[in-house]
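# Structural characterization, general
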Amino acid sequence: MSGHSKWKNIMHKKEKTDAQRAKIFTKIGKEMAVAVKEGGADPVSNSKLAALIAKAKANNVPNDNIERIIKKASSADGADYEEIVYEGYGPCGVAVIVETTTDNRNRTASDVRHYFDKFGGNLGTTGCVSFMFTEKGVIVIEADGKIDEDKLMEDALEAGAADFSAEDGIYEITTETDDLDAVREALEAKGYTISSADTDKIPSSYITLTSEDDIKHMSLLLENLEDNDDVIEVYHNWENMPED
């Protein structure tokens, strides 16, 4: 779930159970299948696939699994996935964007609508909340005691990054989406280990929930969306989201 920044998402993922990690593997596999279908199986010429391979490795997906996914996606009997984005509102008008990859749009639409209805939200039309978000590239590097923060910031900005921040042992580097791959490659070339390099949707404003019922329902909405195998990413502008 992406609220304030991707680094929280990464930290949560490190603590997932085996079953939850299997779901993450499945979701990344679907994204890779779409990337192969759209741009081919060569990560050198397919930057989206290259980024997803990096994402898979950051989530400890074995190399054999990655190769198997790419090979299957390249074959004629590979599943025919499509990407669909849903937009809506949670309790008290919290803006929610749901990115999905599915081989059955009717199933996915029904599931997403059910979650919004069940937990006090409303599924809206395309564009109803996306104008509240700006898409950026986000690179995450974990502090290991050896990284010079000032040097990393200098290297990141020199490579074309737009912003740099440090919080709780995590360095977060923000880029324009078109610069994400170039900045990631420049930092890797300098020896930095990238924990995550992905796009994120940053909200222009946030909503604070004060009612216990609203907080409970919003938490359940996000939890159910994230647990759905067709849902790849969920973005929202909930300010006081509880920590795991």
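Residues numbered from 1 in each chain as written. Predicted model: local features only at pLDDT ≥ 70, side-chain atom pairs only at ≥ 80, totals over all residues. Heavy atoms only, no water.

## So, the sheet that holds strand β1 (residues 82-89)
Whether parallel or antiparallel, the strands of a sheet pair through hydrogen bonds between backbone atoms. Put simply, the test is: Strand pairing is assigned whenever DSSP identifies at least 2 bridges connecting the two strands. What counts as a helix is a DSSP run of H or I of at least four residues, what counts as a strand is a run of E of at least two, and both are numbered from the N terminus. Should any heavy atoms of two residues lie within 4.5 Å, those residues are counted as being in contact. Simply put, an axis is a line fit to the C-alpha atoms, just over the touching stretch for a helix, and the angle between two N-to-C directions goes from 0 to 180 degrees.
Sheet architecture is open: four strands sit in the order β3-β1-β2-β8, paired in antiparallel fashion. Both outer strands of the open sheet, β3 (122-123) and β8 (231-236), are each paired with one neighbouring strand and no more. The strands that helix α8 (residues 212-227) touches are β2 (95-102) and β8; relative to β8, the one it contacts most, it runs at about 155°.

## Overview of unusual backbone geometry
The bulk of non-glycine residues show a negative phi, and the bulk of peptide bonds are trans. Cut-off, in case you're wondering: In this scheme, a residue with accessible area under 20% of its type's maximum is buried, one over 50% is exposed, and one in between is partly exposed, where area comes from a 1.4 Å probe on protein chains only.
With a phi close to 60°, Cys92 is a non-glycine residue in the positive phi region. Looking at the element boundaries, Cys92 is found in the loop between β1 and β2. When its relative accessible area of 52% is taken as the criterion, Cys92 is described as exposed.

## Section: helix α5 (residues 105-118)
Here is the rule: Between the first and last residue of a helix there are one fewer steps than residues, each counted as 1.5 Å, and that sum is the expected span. What the arc measures is the spread of directions leading from the helix axis to the C-beta atoms.
Compared with the 20 Å implied by 1.5 Å per residue over 14 residues, the 20 Å span of α5 between its first and last C-alpha is a close match. Turning to α5, its buried residues are Thr108, Val112, Tyr115 and Phe116. The buried residues of α5 occupy an angular sector of 100° when projected down its axis, which confines them to one face. Summarising the geometry of α5, the exposed residues directed more than 90 degrees from the buried face are Asn106, Asp117 and Lys118.

## A short note on the packing of α5 against α8
The condition that has to hold: In what follows, roughly perpendicular refers to angles from 65 to 115 degrees, roughly parallel to angles under 35, roughly antiparallel to angles over 145, and oblique to any angle outside these ranges. Should the near helix be turned counterclockwise from the far one by less than a right angle, the crossing is left-handed, whereas a clockwise turn marks it as right-handed. Each residue receives one of three labels: charged for Asp, Glu, Lys and Arg, nonpolar for Ala, Val, Leu, Ile, Met, Phe, Trp, Tyr, Cys and Pro, and polar for the others, Gly being one of them.
Between α5 and α8, the least distance of the axes is 9 Å, while the angle of their chain directions is 165°. In terms of orientation, α5 lies roughly antiparallel with respect to α8. In terms of crossing hand, the pair formed by α5 and α8 is right-handed. Contacts between α5 and α8 involve Val112, Tyr115 and Phe116 from the first element and Leu221, Asn224 and Leu225 from the second. Of the residues in the contact of α5 with α8, the class split is five nonpolar, one polar and no charged.

## Points about the pattern of salt bridges
Close approach of charged atoms allows side chains with opposite charge to pair. Here is the rule we go by: Salt bridge, as used here: a side-chain nitrogen of Lys or Arg that lies within 4 Å of a carboxyl oxygen of Asp or Glu.
Scanning the model with the defined rule gives 17 salt bridges in all. Lys23 is the salt-bridge partner of Asp229, the closest N and O atoms lying 2.9 Å from each other. In this pair, Asp229 is assigned in the loop between α8 and β8 and Lys23 in helix α2 (residues 18-39), connecting sequence segments 206 residues apart. Lys23 sits in the partly exposed class, given a relative accessible area of 30%. Between Lys37 and Asp80 there is a salt bridge, with the nearest N and O atoms lying 2.4 Å from each other. With a gap of 43 residues between them, Lys37 in helix α2 and Asp80 in the loop between α4 (63-74) and β1 connect regions that are remote in the sequence. A residue is classified by how much of its surface remains accessible, and Lys37, at 55% relative accessible area, is exposed. For Asp80, a relative accessible area of 54% puts it in the exposed group.

## Focus: the pairing of strand β5 (residues 163-167)
Pairing analysis gives five bridges linking β5 to strand β6 (residues 170-175), with the strands arranged antiparallel. Among the inter-strand pairings, Ser165 is bridged to a residue of β6, identified as Glu172.

## Let's talk about the pairing of β6
With six of its six residues buried, β6 lies for the most part within the structure. Taking every second residue as pointing to the same face, both faces of β6 are buried, with Ile170, Glu172 and Thr174 on one and Tyr171, Ile173 and Thr175 on the other. Where β5 folds back onto β6 in an antiparallel hairpin, the turn is made up of two residues, including Asp168, whose phi is positive at roughly 50°.

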